[in-house]
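Structure assessment
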Amino acid sequence: MQPVAHLVKVTVPDYLANLPIPDSFGGWFRLGFKDWLALVPPTALAAGVTYTLYRAWCPKARKVVTGRTNKAVQLSNPKVVDTIDVEDISEKAAFCRCWQSRNWPYCDGSHGNHNKETGDNLGPVIVKKKK
Ligand code: FES
C-alpha cells in the first residue's frame, strides 16, 4: 500500500505542479518546445479518459441494436413470404439472405456493404438448374 500512497500523495501532485501551465492567456504563446512536449502526455491521458467516459455514458455514442433484421422489405406484412416457380428461373438466380437487397427477393450485392459495416459474412443462396 505504501507505493500507491506515495504515488497518489507525492508523485502525481509533484508531476502536476511541475507542468508548464502558464498563469495568463498570453503565457501559452511564450511556451517553448519542451514545455509543449511536457504537456502532451497529460493532455493525451485527459483526452483518453474523456473519450472513454463519453463512450460509456453517452447514449448517442453507443450503437443502437434494434433487434430487427428486416428494415425495408414489405414492412406492413406480418410475415414476408415469396414464391418463385423453378420454371421461371432461366439458368440460375441469387436470392437475398441479408434483407438488405432493394431488388427483393433477389440479391443485388447489398450484402457486401452490410458485411463491411458490421463484420458479418452474409451472402445469397444461389439456385441453379442441373445441366
Ligand atoms: Fe442480400 Fe446479397 S443483397 S444476400
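That block above? That's the structure.
Being a predicted model, the structure only gives us computed values, none of them experimental.

**Comments concerning the overall build of the chain**
- A count of helical and extended segments in the chain gives 3 helices and 2 strands.
- For 131 residues, the compact-globule estimate of 2.2 N^0.38 gives 14 Å, and the C-alpha radius of gyration of the chain, at 29 Å, exceeds that figure by more than 25%.
- Expressed as lengths along the three principal axes of its C-alpha atoms, the size of the chain is roughly 80 × 35 × 30 Å.
- By the burial criterion, 17% of the 131 residues in the chain qualify as buried.
- Once local pairs closer than 6 in sequence are excluded, the contacts in the chain between residues at least 24 apart make up 37%.
- Working note: accessible area of the chain is about 11100 Å², and carbon and sulfur atoms make up 59% of it.

**Details of the pairing of strand β1 (residues 92-95)**
- Alternating residues of β1 divide into Ala93 and Phe95, all buried, and Lys92 and Ala94, none buried.
- Two elements, β1 and strand β2 (residues 125-128), share 4 bridges in a ladder whose sense is antiparallel. Bridge pairing in β2 places Lys92 opposite Lys128.

**Comments concerning the side chain of His111**
- Of note, His111 is situated in helix α3 (residues 111-118).
- Once you skip the residues sitting within four places of it in the chain, His111 turns out to touch Cys98, Leu122, Gly123 and Pro124.

**Structural notes on the environment of His111**
- Owing to a relative accessible area of 19%, His111 belongs among the buried residues under this scheme.
- Sequence separation between His111 and Lys131 is 20 residues; the distance between their C-alpha atoms is 28 Å.

**Some thoughts on unusual backbone geometry**
- Each neighbour pair has its own omega, and for Trp104 with Pro105 the value is 5°, a cis peptide bond.
- Tracing the sequence through the fold places Pro105 in the loop between β1 and α3.
- The residue Gln74 is not glycine, and still its phi comes out positive at about 45°.
- When you line up the elements, Gln74 lands in the loop between α2 (33-57) and β1.
- Taking relative accessible area as the criterion, Gln74 reaches 32% and is therefore assigned partly exposed.
- Positive phi, close to 65°, is recorded for Trp99, a residue that is not glycine.

**Considering the environment of Arg55**
- If you trace the backbone, Arg55 turns up in helix α2.
- In the structure, Arg55 is positioned 31 residues away from Val86 in sequence and 50 Å away in space, judged by C-alpha atoms.
- Among residues more than four places away in sequence, those in contact with Arg55 are Ala61 and Arg62.

What counts and what doesn't
- Residues numbered from 1 in each chain as written.
- Predicted model: local features only at pLDDT ≥ 70, side-chain atom pairs only at ≥ 80, totals over all residues.
- Heavy atoms only, no water.
- Helix = DSSP H or I, 4+ residues; strand = E, 2+ residues; numbered from the N terminus.
- Rg over C-alpha atoms; globule rule 2.2 N^0.38 Å.
- Buried < 20%, exposed > 50% of the residue type's maximum accessible area, 1.4 Å probe, protein only.
- Contact = heavy atoms within 4.5 Å.
- Areas by Shrake-Rupley, 256 points an atom, 1.4 Å probe, with all protein chains shown as cover.
- Pairing = 2+ DSSP bridges.

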